[in-house]
Amino acid sequence: RFGLIALIVFGAFAFFAMAVGPDSINPTLSALFGLRSPDPILPAPIPRAGSVIGRVLDAVSEADVRQLMDRFTRQGSRVPGYPGHDEAARFIQSEFERLGLQDIETEEYGVTSPIDKGGTLTVLSDGTTYNISAVWPNLVKTSTLPNRGVTARLVYGGNGDFGDFNGHEMTNTVALMEFNSWNNWLNAAMLGSGQIIFIEPDSTFYTEAEQKFLQVPNSVERFWIDKASGRALQARLAREGELEVELKARMDWEKSPTSNILGRVVGTDPELRDQIIVISAYYDAMSVVPALAPGAEMSCGIVAMMKMAEYFSRYPPPRTVLFLATSANHLGFRGVCDFLGRHSRKERHFAELMTDPIDVRLFIGLDLTSQTDEIGLWNSTRNFYYQRFFTPFGKSFVRYSKAIAESFGLDPANSLVDGINPTSGMTWDMYIPGKDLRTAGQVVLEAGTPALSLVTVNDARFRVDTPLDLPDHVNYANLTGQVRLLTGVLDLALNSPDLIPDYRLNPDDRMRGL
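Just so it is clear, the structure is predicted and the values come from calculations on it, not from any experiment.

Draft legend 1. Up close: helix H8 (residues 227-240). Here H8 spans 20 Å end to end across 14 residues, near enough to the 20 Å set by a 1.5 Å rise per residue. All of the buried residues in H8 are Ser 229, Gly 230, Leu 233, Arg 236 and Leu 237. The buried residues of H8 all sit within an arc of 125° when viewed along its axis, so they share a single face. Those residues of H8 that are exposed and aimed more than 90 degrees away from the buried face are Ala 228, Ala 238 and Arg 239. Capping the start of H8, Asp 226 holds a side-chain oxygen 3.2 Å from the backbone nitrogen of Ala 228, two or three residues further along.

Draft legend 2. How the structure looks around the side chain of Thr 73. Counting through the fold element by element, Thr 73 comes out in helix H4 (residues 62-73). Thr 73 sits in the buried class, given a relative accessible area of 10%. A distance of 2.8 Å separates the side chain of Thr 73 from the backbone oxygen of Met 69, its partner in a polar contact. Setting aside chain neighbours within four positions, we find Thr 73 in contact with Arg 78, Pro 294, Gly 295, Ala 296, Ser 299 and Pro 471.

Draft legend 3. Representation of the pattern of salt bridges. Enumeration over the complete set of coordinates arrives at 28 salt bridges. For Lys 141, the salt bridge goes to Glu 221, with nearest N and O atoms at 3.0 Å. Pair noted here: Lys 141 is in the loop between strand E2 (129-134) and strand E3 (150-158) and Glu 221 is in strand E6 (residues 221-225), with a separation of 80 residues, a long-range link. Residue Glu 221 is classed as buried on the basis of its relative accessible area, which comes to 9%. One salt-bridge network, in which partners are shared between bridges, spans Glu 107, Arg 334, Asp 338 and Arg 342.

Draft legend 4. Representation of the packing of helix H3 (residues 49-59) against helix H14 (residues 476-494). Where H3 contacts H14, the two axes come as close as 10 Å, and the packing angle between them is 140°. Regarding the angle of H3 to H14, the classification is oblique. Classified by chirality, the crossing of H14 by H3 is right-handed. From H3, Ala 49, Val 52, Arg 55, Val 56 and Leu 57 reach across to H14, where they touch Arg 484, Thr 487, Gly 488, Asp 491 and Leu 492. A breakdown of the residues in the contact of H3 with H14 according to their chemical character gives five nonpolar, two polar and three charged.

Draft legend 5. Main features of the nonpolar core. Of all hydrophobic cores here, the largest spans 92 residues; its most connected members are Met 305, Phe 323 and Phe 397. Excluding its chain neighbours within four sequence positions, the residues that come into contact with Phe 397 are Leu 377, Leu 416, Leu 452, Val 489, Leu 490, Ala 493 and Leu 499. Counting residues in hydrophobic clusters, the runner-up holds 33 residues, among them Ile 197, Ile 225, Leu 233 and Met 298.

Draft legend 6. Structural context of the packing of helix H9 (residues 300-314) against H14. One can describe the packing of H9 onto H14 by two numbers: an axis separation of 10 Å at closest approach and a directional angle of 45°. Judged on the interaxial angle alone, H14 and H9 are oblique. By crossing handedness, the relation of H9 to H14 is classed as right-handed. Residue-level contacts link Cys 300, Ala 304, Lys 307, Met 308, Tyr 311 and Phe 312 of H9 to Leu 479, Val 483, Leu 486, Thr 487, Leu 490, Asp 491 and Leu 494 of H14. Residue composition of the contact of H9 with H14, by class: ten nonpolar, one polar and two charged.

Draft legend 7. Representation of the layout of surface pockets. Volume-wise, the largest pocket comes out at about 1000 Å³. If you go around the largest pocket, you meet 41 residues; those closest to its centre are Met 298, His 330, Asp 436, Leu 437 and Asp 465. Looking at the lining of the largest pocket, the elements that each hand over two or more residues are helix H7 (206-210), strand E8 (276-282), strand E10 (360-367) and helix H13 (440-446). Considering every element that reaches the lining of the largest pocket, the biggest residue donor is E10, with four residues. The class makeup of the residues in the lining of the largest pocket is 20 nonpolar, twelve polar and nine charged. One number sums up the size of the second largest pocket: a volume of about 300 Å³. Along the walls of the second largest pocket sit 16 residues, with Arg 399, Tyr 400, Leu 492, Ser 496 and Pro 497 positioned nearest its centre. Secondary-structure elements contributing two or more residues to the lining of the second largest pocket are helix H12 (387-404) and H14. With five residues, the single largest contributor to the lining of the second largest pocket is H12. Classifying every residue of the lining of the second largest pocket by side-chain character gives ten nonpolar, three polar and three charged.

Conventions and cut-offs
Residues numbered from 1 in each chain as written. Predicted model: local features only at pLDDT ≥ 70, side-chain atom pairs only at ≥ 80, totals over all residues. Heavy atoms only, no water. Helix = DSSP H or I, 4+ residues; strand = E, 2+ residues; numbered from the N terminus. Expected span 1.5 Å × (residues − 1). Buried < 20%, exposed > 50% of the residue type's maximum accessible area, 1.4 Å probe, protein only. Arc of directions from axis to C-beta. Polar contact = N/O pair within 3.5 Å; in protein donor to acceptor, adjacent residues only side chain to side chain. Contact = heavy atoms within 4.5 Å. Salt bridge = Lys/Arg side-chain N within 4 Å of Asp/Glu carboxyl O. Axes fitted to C-alpha atoms, helices over the stretch in contact; angles between N-to-C directions. Parallel < 35°, antiparallel > 145°, perpendicular 65-115°, else oblique. Left-handed = near helix turned anticlockwise from the far one by under 90°. Nonpolar A, V, L, I, M, F, W, Y, C, P; charged D, E, K, R; others polar. Core = buried A, V, L, I, M, F, W, Y, C linked by side-chain atoms within 4.5 Å. 1 Å grid on protein atoms, 1.4 Å probe; cavity = no way out; pocket = protein on both sides within 12 Å on 5 of 7 lines; lining within 4 Å. Points joined across faces, edges and corners; volume = space filled by probe spheres on them.

Given below as C-alpha cells:
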C-alpha cells in the first residue's frame, strides 16, 4: 500500500510540474527530479532578410513619403472629372516612364460624377459675396439652383434642433447650420427651408458626412461654406436676426474620361517571369463636397504603390510585377472593373469580350491609411472554401514581417496580422472599426482571380469622405513604417520559390454587369 501511495503522490507531482512548468517548482525538487524547461524554439531564419532591410531603408524615407503625399493632394479635388484627378493620372504615368517600367499603358473609360460649377452667396444689403460649394447630390438631384438664382432670408439654425429656429418664419428661408449636426438639416427642410448651408467645422467624421445627403431625389439644395465666411455670417445674424441673400449655384452630372495606368517590372527568372503578380492601388478620392476632396488618407495606398514601383524597378524580382493604378474606386470600383473586363474574366460571355487577356496569378490590393502602423493581410472573402489556398500566404507574410519589422521601428507581433487565419478568437471584421470597408480585392476575387488585400487595421478612418481629409492630419511616421514593411515583405515574397502554390485556384466568376 505504501508503494501505491508513493506512486500516486509522484504522479500527482509530475502532473502538477507539467501543468505549472519546472520554473515554478522549488529549485531543489527540480534538480532532484531533473526537471527543466525545454529550450525555446527559435523561428527559422529568413534568407535575405538582412539585405532586404538595408535596401528598403535606403529606398524609402519619410521625406519621400511626404513629397509623394504633397504631390497627390496639392492639386485640388481628385474626384473623377475634376482637374486634380487628371493631374494625378498624368503624374503617375510620368513616374512610370521615369522609373523605366515596361509596357506602360493608359486605359481610358468613362465615368459619371457630379461636377461643381461654382456657387455664391451674396448679402443683398451690402453686396458682400461668399463662395459656397455643393454637397453630394440627393440621389440624382444635384444642388443646382435656377439660372436667375434664389433670393431668400438667411437664418442661423445652430445644430438644427427645432428650438434653434424659434422666432423665425421658416418658409422659403436659407438655413445656416453647423456641419456636425447629424441629419437635423431635415428639421429645417420640414419647417420650410429650401436651402441649407453647412459651416466648415474644426473636425468631423465620415459618419457626419453620410448624413448630409439622401438616397431619394429630395429637392433641398445643400452647400458647404468655409469656416471664416460661415462665422462671419453667423456673427451678422446674431446682430441682425436675418439677412436677405441671393444664392447662385450649379452642379451637373457629367461623363468624363478617366483611366487606369499600367506598368510592368519584368521578372528576371526565365521560368517564373510568366507568373504575373498585380500590385494595385487607387488614385482618386471622394468627399461629401466633391469640389473639396483632397483625399490625404485616401492617398496612402497610391503613395505606397509608387514607392514599391521605384523599389522593384531597382531590384526586379524573379516574377513579373504589374503595377496598376486605378481610378473611380469610390464610384462603384469602376476602375478595377474596367481592368477585369479587359484582362481577367472567366465566365465565357465576358471572357470573349476581353481585349487583352492576362494570366494574373495573384492580385494584391493596397488600401492603406495612416492613423495606425498595423496592417492586416486578408484573402478578400469570408468564404471558407478558399481557406486552404490562401492560408500559406498568411503564414509566410507574417513570418517575413516578424523578421524585418523591428528594423523599421515596428512591433513584430502586431505590425502585420494574419486576417486569413485570425488568432485569439478574432475575426477579420474585428480589425476594421465600423466593419464597412470593401476592397478592390473582393471585386477581383468575385471575377474569379485570386486576390489578397493589404489593409491598415484598427484605424476608424474618421476624416475620409470629408473636405478635412488633409495632409496636415497624416501620421507620416506610421505611413512610412507601413510602406517600408510592405515593400520588404513583398520583396521576400516575390523572391520566394514557394509564393505561388503548385496547384491553381480557379474560383467561379460570379461578377455580373449590365
